[in-house]
Amino acid sequence: MRMFFPITCPARLPWLLIAQNRILREYKKPSSNMKSLNFQSVVSQFFEYESTVVVRWPLPFIIIPPLLTVSIVTLTVTNFHLNVTNDTLQVFLPDDMRSLRDLKELIHLFPPRDAQRDTYSIFGTKFVYTVIEDEQPEGNILSSSGIQRMARLHKFVMGLETRQGDNVATNCLRNRDDEACTMHPIAFALEDSTPEFAIQFLLRYPNLKFGDFVVDNAMVFGGVEVVPKSQDIEGNSPIRSSKAVRMTYILEASESTERWIDLFLTTIPRYKESNSTVLWSSSKSLAKEMERNGELLIPWMPWTSLVLVVFCMFACSSFHVVKSQPFIGFFAMFNATMATIASTSLLIYIQYPFLPLVFIMPFLVVSIGTDNMFLMLKSWRMTKKSANEERRYICALTESAASLFLTSLTDGLSFAIGSISDFHAVRVFCTYCAMAILFMFLFQVTFFNAVMSLCCRREVAGKHPVFCCYDTVPSNETKILKPNSDTHSDIASIVAKYLYRILNPWPSRIVVFCIFLLYLFTSIHYAIGLPLGLDLKLLAPDDSYVSRELEAQEKLFADYGGFCFALVRSENISFRDPMIRRDLIKLYHDLGGSEYASPAEFWLEPLEKKHRGRKYSESNFSDELHTFLAKEPNLKFRNDIRFTMTGRIEAIKMMFRVRKLGKDNDSPRAEYMRRIMETSQFSGFVYDTSFLLVDQQMTTVYNVIIDVVSAILTMLSICVLMVPRPVSAMCIAFAILSVNIGVIGALAATNTRLDIISMITIVMSVGFSVDYVTHTTFHFVIQRDNRLEKCLLVMTEPILQSALSTAIGVSLLSFVHSYIVRTFVNTVFFVVGLGILHGLIFLPVLLDTIVPHSEYMIAYEPHQEEEENNHYEDLYGL
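Treat the numbers as computed from the prediction; the structure is a model and nothing was measured.

A. Spatial organisation of the overall build of the protein. Along the backbone of the protein there are 28 helices and 12 strands. Residues classed as buried in the protein amount to 56% of the 878 residues present. Of all intrachain contacts in the protein linking residues separated by at least 6 positions in sequence, the fraction that spans at least 24 positions is 79%. Looking at the protein as shown, the accessible area adds up to about 38,000 Å², and 61% of this sits on carbon and sulfur atoms.

Below, the structure is given as structure tokens:
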């Protein structure tokens, strides 16, 4: 062996070439190992040579990774800039879907000019609004005292002023410079010295009409009771009482507006009114509250690190002083932390997008990193003591190399599949996770291997595990222990033997099979009922004012919402034909003829009332239309007609009032209005902001299915390479699918919705589940006899340790009151629990029942200079 690694050879050796030469050399030798010349053997041989380099020259591998991390962090800090998007809703939407295409065409043909009518411009509009609700059971905010409370709140908002002199009056939206602020008339009434008297003239619902002048009250008054007998011909009634009033302040897009909104959001929480609940929101509230999800995680990072360090150091320790390896536990955490910092800094440095969601990533990655440490330490403790301790460590690392590679590859690929998702948020989060896992694997096979080799040398030399310069003095307790005893191994072996005794009899296997069927049936039952779609309230922390305001909006302002729109392409339409105009008006009333939407405004209707059924020439209709649009009540319709450069009408716009707000009615509304438009003779589409969530819901389901199937097939392909046995591979695939069905069912049982947050966690669970089932299968098929018992004895300890470390890594996050964080924590717990259940009970029983004894695989054994066989220490009496 030493002929391959001369003293003068640098640390960076051509490992792949050496591995290839070794494979060719092994191929020429008639060896039993040739029976196992598969992907697992190639990986193991490669890491045998790589570990040889690390063991013989550990110092460069200890120095270079930390220096690389410090260099990347330094570059990032000196040129620090977070590439954060301000489009809060759009990061949770797919890159391309029907409603997004419709929105882009609508904005292109009809650029928003009136913020009150063109409500499809919400992604660029700046606004704040307040809601004041009477707390009394039968309260009426329109009582004399209620109106006084409304007036005080309005004056408080109008009086807010930044140090630069910015206020509502200087930043409000105006149609022209000489006009007053664009606000509801009730705002001007509240500024009157006697607002109780001024407001009485405005109290009709949903609209107030003065001749041709219409005041929209549907979005202002909430929880309304009307006087039904006084309803006019257009359906407007006097307001008897109102539970709440919403005041909206539309602002110009400018830096001064941003400063004033920040002041508003900082000040308004301190405002109180007796017998009233004051709610508020703004154009930037949802984005800021989503960022607070990440801020809530930051205080838990040091505590989680401390708990994991203590756990890992304890798990690596033993009553046998020399065999205790607390520093291995510490440096495992250090390695995972270093990888997380380096990967995140690199992505920030290259200006890759960043989202607050990324703050969850370190908790997952650090938990994954500690799992590999348990496998490596287990392999070291199982190797037999020999005269050549360098070869002993190389053998130990080689035995665990395939498992380490498989764990990192499957976890990394599961996130890599998510990193090509159609959803921006999924793509960003999974890219950060995949990059962190890549760095962690590279640091694991270099930095951590070098550190571990030094710790193992310390053990061989009999030095103290903490004070490494001192020899260990055997205590009385240590002397009475068996030479090969290890407390953790003893406990694990006891658990494994009990499991074997329980699972081995055929009656027990039948019971296990029945329990599995019950589990599978229950999981499928809950998974089918998994709620679909993104709920905006859940994107903010549980105690967020945004969540409370959205909840109040669904409760108080559910009767009437904003506007939705129909666009008709009219390049081939002749408006001078009265039949065409009649069909367009009929389409307008059909679209607004359901319980989900009602007609609002369509310029052709008042025009046709004046000249019903008249047939125009092309020039006469154009003249009549321009005359109609020039009059004051009809000026608002100018942005509802799109003219070409030649004067022809290219497209027209219809407006409808959304009815029955709420996520349960969004999908029926979209389905009804789209069906009406598609079955009409006109080319066009219908758009509402809620359609974005409806299409996102369907796209999410499609993407989850595609990503999960792709991930499972990818994981299965890798597992087949590692365990090239057909029946065993089928068992692996079945176990992976079973774990993920269980995870989806458990998420549904905890009222988790199928949105992009759960989409990330479901894809993540595919990679996590592979770790449990593949290692169990591999250690089963390499046994010749007593396969169930030996598999359980080998796998019980690492599975329980890795599951416990993963659960501990995210357990503290269960105290974070956030749906996003809670979904990740629940998913990890479910994967860990179901992984243990499958890895130690369901899968071993299945393998021992259906896998034939002829399906056997010889595991790769490292090359031995002094001992060719039996390099394992028989910890379990096998």
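B. Inspection of the packing of helix H23 (residues 663–679) against helix H24 (residues 689–722) at higher detail. Running from N to C, H23 and H24 cross one another at 100°; their axes reach a closest spacing of 9 Å. On the basis of their axis angle, the class for H23 and H24 is roughly perpendicular. Of the residues in H24, those in contact with Asp666, Ser667, Arg669, Ala670, Met673 and Arg674 of H23 are Ser690, Phe691, Val694 and Asp695. Across the contact of H23 with H24, the residue classes break down as four nonpolar, two polar and four charged.

C. Molecular detail of the state of the cysteines. One pass over the full model with this rule turns up one disulfide. Here cysteine 433 stays unpaired: no disulfide links it, and the sulfur of cysteine 430, its closest cysteine neighbor, is 6.3 Å away. On the accessibility criterion, cysteine 433 (0% relative accessible area) is buried.

D. Summary view of the packing of aromatic side chains. This model, assessed by the stated rule, comprises 31 aromatic pairs. Measuring from ring centre to ring centre gives 5.2 Å for phenylalanine 330 and phenylalanine 331, while their planes differ by 85°; the resulting arrangement is edge-to-face. Overall, phenylalanine 330 belongs to the partly exposed group, its relative accessible area being 33%. The interplanar angle of 65° and the centroid separation of 5.9 Å between the aromatic rings of tyrosine 352 and tyrosine 432 together place this pair among those described as edge-to-face. With tyrosine 352 in the loop between helix H12 (326–349) and helix H13 (361–382) and tyrosine 432 in helix H15 (residues 424–461), the pair connects residues that are 80 residues apart, well separated along the chain.

E. The side chain of glutamate 601, seen in detail. Structurally, glutamate 601 can be placed in strand S9 (residues 597–601). What makes glutamate 601 buried here is its relative accessible area of 18%. Setting aside residues up to four positions removed in sequence, glutamate 601 forms contacts with Arg117, Tyr588, Lys636, Phe637, Met654 and Met655.

F. Just the pattern of salt bridges, in detail. For the coordinates displayed, the defined rule picks out 32 salt bridges. Here lysine 284 and aspartate 262 are joined by a salt bridge, their closest N and O atoms 2.9 Å apart. Of the two residues, lysine 284 is situated in the loop between strand S7 (276–282) and helix H10 (285–297) and aspartate 262 in helix H9 (residues 255–267); the sequence distance between them amounts to 22 residues. Accessibility expressed as a relative area gives 29% for aspartate 262, which makes it partly exposed. When the shortest N-O distance is used, the salt bridge between glutamate 554 and lysine 537 registers 3.3 Å. Within this pair, whereas glutamate 554 is found in helix H19 (residues 545–556), its partner lysine 537 is found in the loop between helix H18 (506–528) and H19, the two being separated by 17 residues in sequence.

G. Geometry of a nonpolar patch on the surface. Together, Leu59, Ile63, Ile64 and Leu67 make up an exposed nonpolar region whose accessible area comes to about 370 Å². In this structure, isoleucine 63 sits in helix H3 (residues 58–78).

H. Structural context of empty space enclosed by the protein. If you walk through the whole model with that rule in mind, you get nine cavities of 30 Å³ or more. When its volume is computed, the largest cavity comes out at roughly 200 Å³. Along the walls of the largest cavity sit 16 residues, with Asp371, Thr407, Asp771, Tyr772 and Ser802 positioned nearest its centre. The set of elements that each furnish at least two residues to the lining of the largest cavity consists of H13, helix H14 (389–418), helix H26 (756–781), helix H27 (787–811) and helix H28 (819–850).

Reading guide: rules and limits
Position labels on residues start from 1 in each chain and follow its written sequence. Where totals are concerned, whole chains, interfaces and linings use all residues; where local detail is concerned, this predicted model gives features only for residues with pLDDT of at least 70, and gives and counts side-chain atom pairs only at 80 or more. Only hydrogens and water are set aside when side-chain values are computed; all heavy atoms of the structure are taken into account. Each helix is a run of H or I in the DSSP string that is no shorter than four residues. Each strand is a run of E no shorter than two, and both are numbered from the N terminus. Three exposure classes are used, based on accessible area relative to the maximum for each residue type with a 1.4 Å probe and protein chains only: buried under 20%, partly exposed in between, and exposed over 50%. Any two residues whose heavy atoms approach within 4.5 Å at even a single point are treated as in contact. All accessibility values rest on the Shrake-Rupley procedure with a 1.4 Å probe; residue burial counts only the protein chains present in the view. Fitted lines through C-alpha atoms give the axes, limited to the stretch in contact for helices. The angle between two N-to-C directions lies from 0 to 180 degrees. Every angle not falling under 35 degrees, over 145, or within 65 to 115 is termed oblique; those three ranges are roughly parallel, roughly antiparallel and roughly perpendicular. As a working rule, the residues Ala, Val, Leu, Ile, Met, Phe, Trp, Tyr, Cys and Pro are called nonpolar, Asp, Glu, Lys and Arg charged, and the rest polar, with Gly in that last group. We call a pair of cysteine sulfur atoms a disulfide when they lie within 2.5 Å. Planes of paired rings set the category: under 30 degrees apart is stacked, over 60 is edge-to-face and the rest tilted, where pairs are Phe, Tyr or Trp rings (Trp by its six-membered ring) whose centres lie within 6.5 Å. Salt bridges are defined as contacts in which a side-chain nitrogen from Lys or Arg sits within 4 Å of a carboxyl oxygen from Asp or Glu. Put simply, a patch holds well-exposed residues, over 30% relative accessible area, that have no salt bridge, with like charges counted together within 9 Å and Val, Leu, Ile, Met, Phe, Trp or Tyr side chains within 5 Å. Within this scheme a cavity is a closed region of a 1 Å grid, computed over the protein atoms alone, that accommodates a 1.4 Å probe without allowing it to escape, whereas a pocket is open but has protein on both sides within 12 Å along at least five of seven lines; lining residues each have an atom within 4 Å of a point. Grid points are joined across faces, edges and corners, and a volume is the space filled by probe spheres set on the points.

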